[in-house]
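# Survey of secondary and tertiary structure
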Number of protein chains: 2
Amino acid sequence: MTSISINSFEEIIIPASAHPLVAHATGSSRLVRTLLGERVEKTPVWFMRQAGRSLPEYRALRSQGSMLDACLTPELASEITLQPVRRHGVDAAIFFSDIIVPLAILGIEVEIAAGRGPVFARPLSTAADIARAVEIDPALVRERGEAIARAVELTTDMLAEESESRGEPLPLIGFAGAPFTLAAYLVEGGPSKDHLAARRLIHEDPAAWNALTEWLARVTGEFLALQVASGASAAQLFDSWAGGLPPEDYRAAALPASAASLDAVRALPVPEGAGIDHIPLVHFGVGTGEILRDMASIGIDALGVDYRVPLDEAARRVGSHLTLQGNLDPALLFAPAGVRDAAIERILEAGRSARAHVFNLGHGVPMQADPDAISSVVRTVHGWRSA
Amino acid sequence: MTSISINSFEEIIIPASAHPLVAHATGSSRLVRTLLGERVEKTPVWFMRQAGRSLPEYRALRSQGSMLDACLTPELASEITLQPVRRHGVDAAIFFSDIIVPLAILGIEVEIAAGRGPVFARPLSTAADIARAVEIDPALVRERGEAIARAVELTTDMLAEESESRGEPLPLIGFAGAPFTLAAYLVEGGPSKDHLAARRLIHEDPAAWNALTEWLARVTGEFLALQVASGASAAQLFDSWAGGLPPEDYRAAALPASAASLDAVRALPVPEGAGIDHIPLVHFGVGTGEILRDMASIGIDALGVDYRVPLDEAARRVGSHLTLQGNLDPALLFAPAGVRDAAIERILEAGRSARAHVFNLGHGVPMQADPDAISSVVRTVHGWRSA
């Protein structure tokens, strides 16, 4: 797999001194320190899909226009990204975007159907479809990605303001979908219960599969690097469907492309004065109990664990040299406060087995969740002391 | 949980001497012996969803009428059940039905939408909905289940004929959906990616949840017992969605009802002269790596393992006192024959770690599968010798 040249980022990346890692000291934020292995007094907490449909202020902003339009409108994407930070008091923002955004930037026709997910106008059903798609230069993500770069810049400016009022730095987490999950959507044409079209292609036409995932590794790498170069202080790779693969297929047909995609972030220079030696990388998937060790093996700093594997068990499986992130069952947002708080405490206790722990849900925030329940999770986590 | 009275089965069960276990010696079949722990020369093989849309003869028979009608028309259900036995030479028939059939028999409005799954006209969205549903007497499954009893009888007659031409007994496996999976469908109103409505109810209203699953345990028990009393020689409990629960919720909110449902089969008298002391019970779910040991803990004979956990690893998790069933990835039905055969051999080798092994897929036969590939799996399995 060819490594990604970062030269042409120079045109769009912000000056090193303007990067939040330098300008706003986000390298010393609770989240970044914890991802890099430090135990801090208050366990940092953020939520996957914290920006989105659970918030009335989000629904008000998104009353018109498509999801994709919102992702590509910097003023809107940055405001949405900030909403949960202001409301819940979480320790980080996660960039409001979607895993298919880089594909849309490349001109692949896709829409995000409400309540369903991404739907592609032309699924990559054949080897010829794939051969045509991989002709598109992944570097176009960067060249045409001004809206993303601008949204990240606006977001980090707003986070800096919020940081001042809180009196502590607030980092932005960038993210991208992993090549396997993107491939599963592209080949299937949309969401699927079992991702059989993708799992079938792995065995039916391994060459086409490899071409697709190698290309997607570059696309994902470009999208992650664009966010980090524009101001994100950490990056998370979402491999939502990785748990649907048998472990040997995951290792052979999915993991190498995920590893390659992260190289794009590693290849970026860390801004001078950032106070950290590399950008922390988080790796997350759902139903990944059988492949946690594999997911942990690609030089990441933190592993996201879903709600099926207790964190102490996850630490046993992957070793204690990684930060773990997770893993409250989103269903517990609907439980009585006492039940939920007891579960949070169990997770915080289990998190002691890892070198450090970032609290999160074990999956995304459900749209039906009560925002007050989410805020109360933050209070409970911040009120807990490991001593 | 009240145990199920079997007295009123007397009206519909076939005489003991007519039960295939006695009349056709299915207790000495390769499948039943293996489920009960015996190592036989040829590993028995059958496939989940072997009867169905992958077969052209099925599509021809099902060109009109609904799926539910087919399940409730004895001549059709029995013919469909036999089709894969004749074509593939598998070692057992699995009754052609659907997990929602007992609910339909009880008068709950449901249809099976093509390509989607069961859709309920009135989801059990509130505690009041649940309270009304559980008023329905589960014994009506038996009283109104003549079509099922008749279909099982026709099927076992046809299997006896097929057995004669093959020169070996061929058993019928009965099956039912487990209470958790049925509850997930009922509460959600249809298929769902994450079963959040059910997982939410567990925490939001545990009393309503318990009432629902205790009732479903009796419904499932009635449906399983009806099939066994009418001529099935083994029974499998499908908990398709069990893997979506955190292990502690599975143990507290799903497993007890599954255990109770199997009691209905255990309470049936084994026909005199059957040559076995109990009806073998199989337990299966998808994505169950974290709960295999729990699933194995309810007095079953065999545990079905999906394609994510190798059988030797499954044997390590549950102990070697159970027969294991599985677990070829259905995606490998689309692989070149050499790749598929190598995977089959690996599974057969791994199956040595269990006390005995029934070969199967790790999930249902996909509708797009080539019937010839399925037949070739049977030949490869039957051609393998453990010595």
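Keep in mind it's a predicted model, so treat the numbers as computed, not measured.

Turning our eyes to something else, we now look at the interface of chain B and chain A. Taken together, the contacts link 29 residues of chain B with 29 residues of chain A. Both sides of the chain B and chain A interface together cover about 2,500 Å² of buried area, and 54% of this is carbon and sulfur. The three residues of chain B that bury the most area against chain A are His203(B), Glu290(B) and Phe334(B), which together make up 23% of that side's buried surface. Counting the contacts that link chain B with chain A gives four salt bridges. Salt-bridge contacts for Arg199(B) lead to Asp329(A); the nearest nitrogen and oxygen are separated by 2.4 Å.

Residues and elements named next belong to chain B. Spatial ordering of the open sheet is given by β1-β4-β5-β6-β7-β8-β9, a layout of seven strands whose pairing is parallel. Each edge of the open sheet carries a strand with a single partner, namely β1 (93-94) and β9 (356-361). Alignment of β1 against strand β4 (residues 172-177), held across two bridges, turns out to be parallel. Across the sheet, the residue bridging to alanine 93 is leucine 172, located in β4.

Attention now goes to the relation of the copies chain B and chain A. Each of the two copies of the chain can be brought onto the other by a rotation about an axis and a shift along it. With an RMSD of 0.0 Å, the fit of chain B onto chain A corresponds to turning through 180 degrees and sliding 0.0 Å along the axis. On the angle and the small slide along the axis, the relation comes out as a two-fold axis. Interface residue correspondence from chain B to chain A reaches 100%, placing this contact among same-surface, isologous pairings.

Residue and element names in this part refer to chain A. One way to put it is that helix α17 (residues 337-350) packs onto helix α18 (residues 371-383) with a least axis distance of 10 Å and a crossing angle of 45 degrees. Classified by the interaxial angle, the pair formed by α17 and α18 is oblique. As α17 runs across α18, the sense of the crossing is right-handed. The segment α17 lies against α18, with Arg340, Asp341, Ile344 and Leu348 engaging Ala373, Ser376, Val377, Thr380 and Val381.

Next up on the list: the packing of helix α12 (residues 206-230) of chain A against helix α14 (residues 255-266) of chain A. Residue and element names in this part refer to chain A. Two elements in contact, α12 and α14, have axes whose closest approach is 7 Å; the angle formed by their N-to-C orientations is 30 degrees. Accordingly, the angle class assigned to the pair α12 and α14 is roughly parallel. Every pair of crossing elements has a handedness; the one defined by α12 and α14 is right-handed. Packed against α12, whose contacting residues are Thr213, Ala217, Thr220, Gly221, Leu224, Ala225 and Val228, the element α14 presents Ala257, Ala260, Ser261, Leu262, Ala264 and Val265 at the interface. Among the residues making up the contact of α12 with α14, the classes are represented as nine nonpolar, four polar and no charged.

We now examine the packing of aromatic side chains. Applying the stated criterion across every chain, the model contains 10 aromatic pairs over all chains. Ring geometry for Phe238(B) versus Phe284(B): centroids 5.9 Å apart, planes at 75 degrees, classification edge-to-face. With Phe238(B) in strand β5 (residues 234-239) and Phe284(B) in strand β6 (residues 281-285), this pair connects stretches of sequence that are 46 residues apart. Ring pairs connect the aromatic residues Phe175(A), Phe238(A) and Phe284(A), which therefore count as one cluster.

Turning to unusual backbone geometry, a few remarks are in order. Residue and element names in this part refer to chain A. Looking along the chain, the bond that leaves glycine 326 and enters asparagine 327 is cis, with omega of -10 degrees. Summarising the element assignment, asparagine 327 is placed in strand β8 (residues 323-328). Positive phi is not limited to glycine here, since histidine 195 has a value of about 55 degrees. Mapped onto the secondary structure, histidine 195 falls in the loop between α10 (179-188) and α11 (196-204).

So, on to the layout of surface pockets. Taking a probe equal in size to a water molecule and rolling it over the atoms shows the remaining empty space. When its volume is computed, the second largest pocket comes out at roughly 450 Å³. Forming the walls of the second largest pocket are 24 residues, and the residues nearest its centre are Pro247(A), Glu248(A), Tyr307(B), Val309(B) and Pro310(B). Every element with two or more residues in the lining of the second largest pocket is listed here: α13 (247-253) of chain A together with α16 (311-318), β8 (323-328) and α17 (337-350) of chain B. Sort the elements by how many residues they give to the lining of the second largest pocket and α17(B) lands first, with five residues. Its residues placed into classes, the lining of the second largest pocket shows 12 nonpolar, two polar and 10 charged.

Relative to the elements of secondary structure, His283(A) occurs in strand β6 (residues 281-285). The contact partners of His283(A), leaving out residues within four places of it in the chain, are Leu237(A), Asp239(A), Tyr250(A), Leu255(A), Ser258(A), Met295(A), Ile298(A), Ile300(A), Ala302(A), Leu303(A) and Gly304(A).

A few words now on the sheet that holds strand β4 (residues 172-177) of chain A. Residues and elements named next belong to chain A. One open sheet accounts for seven strands, arranged β1-β4-β5-β6-β7-β8-β9; its pairing is parallel. One side of each edge strand has no neighbouring strand; the edge strands of this open sheet are β1 (93-94) and β9 (356-361). Bridging between strand β7 (residues 302-304) and β8 involves three bridges; their strand directions are parallel. Counterpart to glycine 304 in the pairing with β8 is glutamine 325. Along the sheet, α12 contacts β4 and β5 (234-239); its crossing angle with β4, the most-contacted strand, is approximately 170 degrees.

On to the UniProt feature "binding site: substrate" (unreviewed entry) in chain A. Residues and elements named next belong to chain A. UniProt marks Arg49, Gln50, Ala51, Gly52, Arg53, Asp98, Tyr185, Ser240 and His363 with the feature "binding site: substrate" (unreviewed entry), using the numbering shown here. Spatially, the listed residues are scattered: they cover 315 residues, and their C-alpha atoms lie as much as 22.8 Å apart. Position of glutamine 50 relative to the elements: it lies in the loop between α2 (30-35) and α3 (56-61). The class of glutamine 50 is buried, set by a relative accessible area of 1%. The residues contacting glutamine 50, other than those within four sequence positions of it, are Leu55, Pro84, Val85, Val90, Ala92, Ala93, Ile94 and Val365.

Right, let's get into α10(A). All names here are of chain A. α10 sits mainly inside the fold: nine of its 10 residues count as buried. Among all positions of α10, only Pro179, Phe180, Thr181, Leu182, Ala183, Ala184, Tyr185, Leu186 and Val187 are buried. Just downstream of α10 lies glycine 189, where phi reads positive at about 90 degrees.

All names here are of chain B. Summarising burial for β4: six of the six residues are buried, a large majority. Side chains Leu172, Gly174 and Ala176 project from β4 onto one buried face, and the interleaved Ile173, Phe175 and Gly177 project onto a second face that is buried too. Bridge analysis of β4 against β5 gives five bridges, and the strand direction is parallel. Considered in β5, the bridge of phenylalanine 175 is made with glutamine 236.

Criteria and cut-off values
Residues numbered from 1 in each chain as written. Chains lettered and ligands numbered in written order. Predicted model: local features only at pLDDT ≥ 70, side-chain atom pairs only at ≥ 80, totals over all residues. Heavy atoms only, no water. Contact = heavy atoms within 4.5 Å. Buried area = accessible area lost by both parts, 1.4 Å probe. Salt bridge = Lys/Arg side-chain N within 4 Å of Asp/Glu carboxyl O. Pairing = 2+ DSSP bridges. Helix = DSSP H or I, 4+ residues; strand = E, 2+ residues; numbered from the N terminus. Least-squares fit on C-alpha atoms with pLDDT ≥ 70 in both. Axes fitted to C-alpha atoms, helices over the stretch in contact; angles between N-to-C directions. Parallel < 35°, antiparallel > 145°, perpendicular 65-115°, else oblique. Left-handed = near helix turned anticlockwise from the far one by under 90°. Nonpolar A, V, L, I, M, F, W, Y, C, P; charged D, E, K, R; others polar. Phe/Tyr/Trp six-rings, centres within 6.5 Å; stacked < 30°, edge-to-face > 60°. 1 Å grid on protein atoms, 1.4 Å probe; cavity = no way out; pocket = protein on both sides within 12 Å on 5 of 7 lines; lining within 4 Å. Points joined across faces, edges and corners; volume = space filled by probe spheres on them. UniProt positions renumbered as here; feature names shortened; annotations may be inferred. Buried < 20%, exposed > 50% of the residue type's maximum accessible area, 1.4 Å probe, protein only.

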